[in-house]
Amino acid sequence: MPPLPPAPDKRGAILTPKSIASTRAAKPAKAAPKAVAAKPATKASPKTIAQPAPKPAPRRAAAEQKRLFVLDTNVLLHDHTALFRFQEHDIYLPLVVLEELDAHKKGATEVARNGRQSSRFLDALIGAAGAGADLAGGLPLDATGFADATGRLWLQTTLLDAPIPAALPTGKADNQILGVTAALAAQHAPRPVVLVSKDINMRVKARALGLLAEDYQSDRTLDDGDLLYSGALQLPLDFWERHGKNLQSWQDAGNTFYRVEVDDVSALHLNQFVWFEARGEQSLHARVVAIQGQSVTLRTLREYTHPKSSVWGVMARNREQNFALNLLMDPEIDFVTVAGIAGTGKTLLALAAGLTQVLDERRYSEIIMTRATVGVGEDIGFLPGTEQEKMQPWMGALDDTLEFLARGGSSGEAGQWGRAATQELIRSRIKIKSMNFMRGRTFLDKWVIIDEAQNLTPKQMKTLITRAGPGTKIVCMGNLAQIDTPYLSEGSSGLAYAVERFKGWSHSGHITLARGERSRLADWASEVL
């Protein structure tokens, strides 16, 4: 019996079949040649995979190398393209999964839309096979244009009898899927049959029955929240010693530029902040504005830590806040993502920069603020009133911030407009919108704030960002440590998705705020609770 493939690694090997094939253990030949050292795989380059040292044995048949994945219903409800994410491997759908898809197809929620689209994909695959196609032989997954999916889809056409413990009631859909998986594992042995489910308890029960079970990981942008792009990079302590002699510098339009040759530019991205601070050395806070070959051009930042350069009375209290204000106040940056724990000033900085550019500089016509309406506790029921009145309970952070800004911010004054503006005038330029009515809209010359973006799915994030018209700037804020949406994690959140996809674009920027500035009580609670 050939050995089963190893457990998936940290990078999510369940959906990377090349890594499965390359890491499968091989029986050594009788006279194995001398082992050849392979280059070790690095964490920064997941495509590099270490090859086994001994010469591999002859390849087994293609059917034995492919896995058979049994999909749970929640996988299709979570990602409607899940059918086409398994590359050369085969997929099996039990009948009870089709029943559950039918039960979840009604409604306007994201789950209902995914259920309907999954059903449409199944209908398209059956239609592409022809009227007289034999479903028992499987359907090619690449028949509808998904060229990467070279496996086959198997629908349950016969009853499969597999004994399961009497403690598990057979009338429950999850237990029926477990029974189908157990029957397939016995029927296709030694071929690996893997149950894919987003339900943790489902995976635990499967492993208790001796079945292979994995989480669906194809939707994950990252496998570890700590790997999220921070937007800032500390330069080494010997930076000036290594590059001081060959460093080129000049000034243009009041800005100072530096051009430096580096050995490796893979860690640098456009609009990434770099900083150098050391005792007795000249400090440097700059932003990457151009990368050409091994040459990197840096531009120094405007310091928003002084009262004379405050933004609507708000001054940057730490290095990362200064980085964020440079992104928010730059008219060439159309999309800004700000991550950070509670109390780091995400909402305050976004609103202060928005009010300055709406009321003082007249760069944008108004501020539009929205957020994901996902509660922390139990639902309190329907809310009365108009759209703005229904959204008002979700905008407590907006009210608290406006109360602070109306007093002139931390400096006690808010500029020419701020001194004359009343609370009513400020509120008249801020509109609160619900995400449920965003489809089809186009925002022109608007400052759009998306709060609590960590609770959005990648599809919802795409829907909101594509609403931007000419002259509009979008600011996404969130804390990946406070995700309340079911089936979302730090790696699959829409905020992490947007950060990774926009990384390196010349008109976008990201910064992670590291230090809380709300109060000493809030800072201590964030550390110990």
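Because the structure is predicted, anything quoted here is derived from the model rather than measured. (Residues numbered from 1 in each chain as written. Predicted model: local features only at pLDDT ≥ 70, side-chain atom pairs only at ≥ 80, totals over all residues. Heavy atoms only, no water.)

### A few points about the sheet that holds strand E5 (residues 193-196)
Picture the strands of a sheet paired through backbone hydrogen bonds; they go either parallel or antiparallel. Pairing within the open sheet is mixed, and its 6 strands lie in the order E3-E4-E2-E1-E5-E6. The open sheet has two edge strands with one neighbour each: strand E3 (139-140) and strand E6 (212-214). Sheet topology note: the strand E1 (residues 68-71)/E5 ladder contains 4 bridges and is parallel. Looking at E5, one finds that Leu-68 is bridged to Val-193. Running at roughly 160° to E6, helix H7 (residues 200-208) makes contact with E5 and E6 of the sheet. (Pairing = 2+ DSSP bridges. Helix = DSSP H or I, 4+ residues; strand = E, 2+ residues; numbered from the N terminus. Contact = heavy atoms within 4.5 Å. Axes fitted to C-alpha atoms, helices over the stretch in contact; angles between N-to-C directions.)

### Some points on the packing of helix H9 (residues 319-328) against helix H10 (residues 346-360)
The N-to-C vectors of H9 and H10 enclose an angle of 35°; their axes lie 10 Å apart at closest approach. Relative to H10, the crossing made by H9 is right-handed. Between H9, through Gln-321, Ala-324, Leu-325 and Leu-328, and H10, the contact on the second element is made entirely by Leu-349, Ala-350, Ala-353 and Gln-357. Looking at the contact of H9 with H10 residue by residue, the class counts come to 6 nonpolar, 2 polar and no charged. (Left-handed = near helix turned anticlockwise from the far one by under 90°. Nonpolar A, V, L, I, M, F, W, Y, C, P; charged D, E, K, R; others polar.)

### Regarding helix H4 (residues 95-103)
Every α-helical turn comprises 3.6 residues, leaving residues that sit three or four positions apart pointing alike. Three or more residues of H4 are buried, namely Val-96, Val-97 and Leu-101. Within H4, the buried residues cover an arc of 145° as seen down the axis, which keeps them to one side. Those residues of H4 that are exposed and angled more than 90 degrees off the buried face are Glu-99 and Ala-103. At its buried positions, H4 is contacted by E1, helix H3 (73-78), strand E2 (90-93), helix H5 (110-129) and helix H6 (173-187). (Buried < 20%, exposed > 50% of the residue type's maximum accessible area, 1.4 Å probe, protein only. Arc of directions from axis to C-beta.)

### Things to note about the confidence of the model for the chain
On average, the chain scores 79 in pLDDT, and the residues at 70 or more come to 78%. Below pLDDT 50 for its whole length, residues 1-64 participates in 73 contacts with residues either more than four positions away or in separate chains. Below a pLDDT of 50 lies the segment residues 416-420, which in the model reaches 7 contacts outside its immediate sequence neighbourhood of four places, other chains included. (pLDDT = per-residue confidence, 0-100.)

### Side note on the environment of Arg-371
Within the secondary structure, Arg-371 is located in strand E14 (residues 366-371). As a C-alpha pair, Arg-371 and Met-435 span 64 residues in sequence and 7.0 Å in three-dimensional space.

### Focus: the pairing of strand E13 (residues 335-340)
Of all 6 residues that make up E13, 6 are buried, and the element is covered over most of its length. Neither face of E13 is left uncovered, since the one carrying Phe-335, Thr-337 and Ala-339 and the one carrying Val-336, Val-338 and Gly-340 both have all their residues buried. The sheet contact formed by E13 and strand E17 (residues 473-478) spans 5 bridges and is parallel. Counted as the bridge partner of Phe-335 is Ile-474 from E17. Pairing between E13 and strand E18 (residues 508-513): 6 bridges, direction parallel. Opposite Phe-335, over in E18, you have Ser-508 as the bridge partner.

### Regarding helix H16 (residues 494-502)
Looking at H16, one finds that the buried residues are Gly-494, Leu-495, Ala-496, Ala-498, Val-499 and Glu-500. Where the residues of H16 are buried, they touch E13, helix H15 (458-465), E17 and E18. Looking at where H16 begins, the residue whose side-chain oxygen comes 3.2 Å from the main-chain nitrogen of Leu-495 is Ser-493. (Polar contact = N/O pair within 3.5 Å; in protein donor to acceptor, adjacent residues only side chain to side chain.)

### Focus: the sheet that holds E14
Taking strand neighbours across the sheet as the criterion, the 6 strands line up as E15-E14-E16-E17-E13-E18 in an open arrangement whose pairing is parallel. Taken across any chain shown, the strands that pair with only one partner, and hence form the sheet edges, are strand E15 (430-432) and E18. The sheet shows a mean angle of 15° between the axes of neighbouring strands, direction not considered. Judged from the 3 bridges that link them, E14 and E15 form a sheet pairing that is parallel. Within E15, the residue paired with Met-369 across the bridge is Ile-432. Here H9 sits on the sheet in contact with E13, strand E16 (446-451), E17 and E18, set at roughly 160° to E18.

### Some remarks on the packing of aromatic side chains
Under the definition given, this model contains 13 aromatic pairs. Their ring planes at 35° and their centres at 4.3 Å tell us that Phe-335 and Phe-502 sit as a pair that is tilted. Here Phe-335, found in strand E13, pairs with Phe-502, found in helix H16; they are 167 residues apart in sequence, far enough to count as distant. By way of ring pairs, the aromatic residues Phe-69, Phe-86 and Tyr-216 are connected into one cluster. (Phe/Tyr/Trp six-rings, centres within 6.5 Å; stacked < 30°, edge-to-face > 60°.)

### Some words on the environment of Arg-319
Within the secondary structure layout, Arg-319 lies in helix H9. For Arg-319 and Thr-305, which are 14 residues apart along the polypeptide, the C-alpha to C-alpha distance reads 8.8 Å. Apart from residues no more than four positions distant in its own chain, Arg-319 is found in contact with Trp-275, Glu-277 and His-285. Only 3.3 Å separates the side chain of Arg-319 from the side chain of Glu-277, close enough to count as a polar contact. Side chain to side chain, Arg-319 and Glu-320 meet in a polar contact 3.4 Å long.

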